[in-house]
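Listed here are the chains, written in short residue letters.
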Amino acid sequence: MPKPFRFLLLLQGGLLLLGGGGMLLGGFPMLGRHPSAESLLGLGLLLGLAGLEALFRRLFPHSFHEAERLHRELGLALRQAGATPPFLLLLAFLSGLAEEVFFRGFLQSLLALKLGPWAVLLQAFLFALLHPAPRGALAYTLYTGAAGLLLGLAYLLTGSLLPGVLAHFLHNARGFYELGR
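Residues numbered from 1 in each chain as written. Predicted model: local features only at pLDDT ≥ 70, side-chain atom pairs only at ≥ 80, totals over all residues. Heavy atoms only, no water.

A.B. asks: Explain a nonpolar patch on the surface here, please?
C.D. replies: A cluster of nonpolar residues, Leu 115, Trp 118, Leu 121, Leu 122, Phe 125, Leu 126 and Leu 129, forms a patch on the protein surface that exposes about 680 Å² of accessible area. When residues of the nonpolar patch are assigned to their parent elements, the largest contribution, five residues, is made by helix α5 (residues 119-129). Here Phe 125 shows up in helix α5. (Patch = residues over 30% accessible without salt bridge, like charges linked within 9 Å, V, L, I, M, F, W, Y side chains within 5 Å. Areas by Shrake-Rupley, 256 points an atom, 1.4 Å probe, with all protein chains shown as cover. Salt bridge = Lys/Arg side-chain N within 4 Å of Asp/Glu carboxyl O. Helix = DSSP H or I, 4+ residues; strand = E, 2+ residues; numbered from the N terminus.)

Below you can see the structure in the form of structure tokens.
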């Protein structure tokens, strides 16, 4: 397996293990009591993420154009390294699951013990920092922070990671599909 793939899998696997272990030790909730309603909320969150992305693309066209250029370069590098569609789908799932477990399930829950609902803002800020962009594409980092805020609010209101994991996975799958083309 090429080094970039190992790094991506190790990063996401590390977030999943750290977040999942922290959630178990802290007794933080993973799933709510209404999986079908939470799944529908996840699809609604996906639409919310798409709308948020469209808004940021309209407000900051140059910045999003720069982010899309970087995504194209990443897609080319992944293809040249041998990334296949099944690998990209696995990466989309693993990143959505790991980031929700770590940022919302573990970090937000841990911060909420001291900060209450303000923990949603802090975890969204830290989530944005994990998705850096060069200065010319700063709106992408702002978008990621706003997305983290939406996903964090969903977890705060439902006590379930299911809506966020579903929305995050499908959002990433669309992005990785575009990268793979």
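A.B. asks: Where do I start with the nonpolar core in this structure?
C.D. replies: Note on soluble globular proteins: their nonpolar side chains tend to be buried together. If you look at the biggest cluster of nonpolar residues, it comprises 15 residues, and the most contacted ones within it are Met 23, Phe 102 and Leu 161. Counting residues per element, the ones that place at least two in this core are α1 (3-26), α4 (85-115) and α5. Of the residues forming this core, the biggest block, seven residues, is contributed by α4. If you look at the next biggest cluster of nonpolar residues, it comprises 14 residues, including Phe 56, Tyr 140, Ala 147 and Leu 151. (Core = buried A, V, L, I, M, F, W, Y, C linked by side-chain atoms within 4.5 Å. Buried < 20%, exposed > 50% of the residue type's maximum accessible area, 1.4 Å probe, protein only.)

A.B. asks: Can you help me understand the packing of aromatic side chains in this one?
C.D. replies: One pass over the full model with this rule turns up eight aromatic pairs. For the ring pair Phe 56 and Phe 60, a centre distance of 5.7 Å and an interplane angle of 40° mean the geometry is tilted. Under the relative-accessibility criterion, Phe 56 is labelled buried at 12%. Ring geometry for Phe 103 against Phe 127: centres 5.2 Å apart, planes inclined by 75°, an arrangement best described as edge-to-face. In this pair, Phe 103 is assigned in helix α4 and Phe 127 in helix α5, connecting sequence segments 24 residues apart. (Phe/Tyr/Trp six-rings, centres within 6.5 Å; stacked < 30°, edge-to-face > 60°.)

A.B. asks: I keep staring at the side chain of Thr 144 and nothing clicks. Help me out?
C.D. replies: You can see Thr 144 is positioned in helix α6 (residues 138-158). Using a relative accessible area of 5% as the deciding quantity, one classes Thr 144 as buried. Setting aside anything within four residues of it in sequence, one finds Thr 144 in contact with Phe 127, Ala 128 and His 131. (Contact = heavy atoms within 4.5 Å.)

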